[in-house]
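Reading the structure
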Amino acid sequence: MRAYYKNYDVLVIGAGHAGCEAALAAARMGCQTLVMTLSIDTIGKMPCNPAIGGLAKGHLVKEIDALGGEMAKAIDETGIQFRQLNTKKGPAVRSSRAQADKKAYQLYMKQVLENQDGLDIKEGLVEELLTDHGKCIGVLSRTRTAYLAQTVILTAGTFLRGTIHIGDVSYSAGRAGESSAERLSKSFLDLGLEVSRLKTGTPPRVNARTVDFNLMEDQPGDENPRPFSFSNNRITQSQIPCYITYTNPKTHQIIRDNLMRSAMYSGRIKGVGPRYCPSIEDKVVRFSEKNEHRIFVEPEGRDTQEIYLNGISASLPEDVQMDMVASIRGLENAEIMRFGYAVEYDFAPATQLYPTLETKKVENLFFAGQLNGTTGYEEAGAQGLMAGINAGLKVKNQDSLILDRSQAYIGVLIDDLVTKDIREPYRMFTSRAEHRLQLREDNADLRLTETGYRVRTISTADYQRFLAKKQQIEAELERLSNTKIKPSPETLDQLQKIGLPSIKMPTTLAELLKRPNISYQQIQGLEIQDLADSYILRSCQPVPAKIRDGVGHIRTVEEQVEIQIKYAGYIARQDLQIERFKKFEAVRIPNDFDFLSVHGLKTEAQKKLAQIRPLSIGHASRVPGVSPADISILMVWLKNRTKSSDSSSTEIPAPAKVPAGSN
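Calculation rules
Residues numbered from 1 in each chain as written. Predicted model: local features only at pLDDT ≥ 70, side-chain atom pairs only at ≥ 80, totals over all residues. Heavy atoms only, no water. Helix = DSSP H or I, 4+ residues; strand = E, 2+ residues; numbered from the N terminus. Rg over C-alpha atoms; globule rule 2.2 N^0.38 Å. Buried < 20%, exposed > 50% of the residue type's maximum accessible area, 1.4 Å probe, protein only. Contact = heavy atoms within 4.5 Å. Lys, Arg positive; Asp, Glu negative; His and termini not counted. Charge placed at Lys NZ, Arg CZ, Asp CG, Glu CD. Pairing = 2+ DSSP bridges. Axes fitted to C-alpha atoms, helices over the stretch in contact; angles between N-to-C directions. Domains from an automatic or database assignment. Buried area = accessible area lost by both parts, 1.4 Å probe. Salt bridge = Lys/Arg side-chain N within 4 Å of Asp/Glu carboxyl O.

**As for the overall build of the chain**
Along its length, the chain carries 20 helices and 24 strands. Whereas a compact globule of 663 residues would reach a radius of gyration of roughly 26 Å, the chain reaches 27 Å, a difference of no more than 12%. Taken over the C-alpha atoms alone, the chain extends approximately 85 × 75 × 55 Å along its principal axes. For the chain, the residues scored as buried account for 57% of the 663 residues in total. Excluding contacts between residues fewer than 6 apart, the proportion of contacts in the chain whose partners are at least 24 apart in sequence is 73%. Measuring between centres, the 85 positive side-chain charges of the chain sit 3 Å from its 80 negative side-chain charges.

Shown next as structure tokens:
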């Protein structure tokens, strides 16, 4: 064994979506960073669906951007179709989604990593973690070179003992055409870390020249697409249409007749698959009453004929996949370019991690991405970013960054992973966030950019843009709240002309905007009579053009103003819930607290709490198997401990008040 001549602050293993964000975050914080990958040519690769965002996932991408990550900028640059989802619903559940040119996305991310100051890239296979007295100090490559670092972030994706299944054929691979990492899992076990198995999969891809799109439903992008990144003004590239088709009873019968030839149903796969993104075999079995399932027919790029059939992920034999695809409207003559497959791989249950994503058993070792049991590029990118930030902060001997559930979807994601013993691939949903009215896509920068700038992942230029936007929003909110209109004949006439209800007393523009079916655009066009003067003035001009410079599309300011005014009552109520939530999060549990010695706790609660080692009462209340009664007992013990140590730094709430959302 020989040591590489450079020592690093942060060493990142893997250059998928988690690895890219982790490496960039650490390097932008000023840490000397190395990212190691099996192949430099696959940095930022999209092995599954060539898309970014979606329901709740779009929220994660916006938060990654607000904290200084790269995913949003990458998709803005390389997207081929952009759509806003849930537009008929409230702002809390609206999400952005974009189809990507997957090769362009991959090349963009590779170039960003290559051009990042303080970041080195090495191609090589890591086979062992190096430790010294319980601390990770680096890794050992297949070529027996030791790469040493103060902190190590592992983002192994599906490569740990990855096995691909197509019907009755199985072979070792992390992804189709790429080798797996066979020895690294043993290093985990040697360190006392738990390893288990999960499964995911992909659908077949077909040649666009053999597809009859005329028989399918068109799915165009939005006419005026919205950027993901808060630093971008607009999307300028042309968009490519996607299409929709459906399976049918014939398709389902083909699958039923061949179920036992599927790797999943023949018993070849032992790992648990994603519940919310099931294979087509699983759909046909679990939803047997359905005669059809939707298939999104999505181009993989501008310069390729490859089409992704989103919705029919399969581990069926190749001949069955051909029959299945040929039974679908518009795909009767489709030529399969890549067959679908299932991939089974090792993961490390995230209850072995602190909320910083550092492992509990091995100091300075961080895990992120699918290694922690998640599925999806966005969940991986969010974890990678936070692992990179916390590794960088540890190198600098600064306090860790932990986002709680009231601050970000990222906080919800990580809290769920490290608190709940999740044994199936985890994906984000808006329903997982109890404070989702506050955790909207549109305000991700207002929630998180200050934090990103504090930890130095946000550039000065992006921070200045953010401050300008924030000031514009605050100024416009103040103006609308302080400008009143009189119920004069001129005003009433104007209100009638633009279809607004009349007023009987002086009313602020903010009060007017709160009314149902009144938009900010209508308020903008209203000429009103100022209460302090007798002349007509245009007091609700659009925001001046000069503030558009460098702050993104002007509609983001207008939308933020309208949402904050219209939903003020609901937001205020959620603020009260968050205040109560934070009260219990503030009650810290000492690191050396012995949960097994707390009399009155159920045995299950004792074991769970000892395993998870929650940081606070709020955190403890979310541990599965811990009841409100257990929390009350725990609070009494903490209060007595506080009294006995003559500590008055933490006020313990009354035991009867159990945190909202506890089991």
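**Overview of the sheet that holds strand 5 (residues 95-100)**
One open sheet accounts for three strands, arranged 3-5-4; its pairing is antiparallel. Of all the strands in the sheet, the pair left with one neighbour each is strand 3 (51-53) and strand 4 (79-85). Each strand axis lies, on average, 15° off the axis of its neighbour in the sheet, ignoring direction. Where strand 4 meets strand 5, six bridges bridge the pair, whose relative direction is antiparallel. Bridge pairing in strand 5 places Gln-81 opposite Gln-99.

**Side note on helix 11 (residues 444-454)**
Residue pairs spaced three or four apart in an α-helix point in one direction, given the helix's 3.6 residues per turn. Considered for burial, the residues of helix 11 that qualify are Ala-444, Asp-445, Arg-447, Leu-448, Thr-449, Thr-451 and Gly-452. Phi turns positive one or two residues past the end of helix 11, at Arg-456, with a value near 75°.

**Topic: the domain arrangement of the chain**
Taken domain by domain, the chain comprises domain 1 (2-197 + 345-460), domain 2 (205-344), domain 3 (462-570) and domain 4 (586-645). Here the C-alpha centre of domain 2 lies 26 Å away from the C-alpha centre of domain 1. With 57 residues of domain 1 in contact, the opposing surface of domain 2 contributes 49 residues. Across the domain 1 to domain 2 interface the summed buried area is about 4,100 Å²; carbon plus sulfur atoms make up 52%. Viewed at the interface, domain 2 and domain 1 are joined by two salt bridges.

**Details of the pairing of strand 19 (residues 341-347)**
With respect to burial, strand 19 is a largely interior element, seven of its seven residues being buried. Burial along strand 19 is two-sided: the face carrying Tyr-341, Val-343, Tyr-345 and Phe-347 and the face carrying Ala-342, Glu-344 and Asp-346 are both buried. Across three bridges, strand 10 (residues 163-166) lies against strand 19 in antiparallel orientation. In the sheet register, Ile-164 faces strand 19, and the bridge partner there is Val-343.

**Overview of the pattern of salt bridges**
As enumerated under the stated definition, the model contains 40 salt bridges in all. Between Asp-282 and Arg-286 there is a salt bridge, with its nearest N and O atoms 3.2 Å apart. Of this pair, Asp-282 and Arg-286 both sit in helix 7 (residues 280-286), four residues apart, roughly one helical turn. With a relative accessible area of 12%, Asp-282 lands in the buried category. Judged by relative accessible area, Arg-286 falls into the partly exposed class, the value being 38%. Residue Glu-363 pairs with Lys-394 through a salt bridge whose shortest N-O separation is 3.2 Å. On the criterion of sequence distance, the pair formed by Glu-363 in the loop between strand 19 and strand 20 (365-367) and Lys-394 in helix 9 (residues 377-395) is long-range, its members being 31 residues apart. The exposure class of Lys-394 is partly exposed, given its relative accessible area of 26%.

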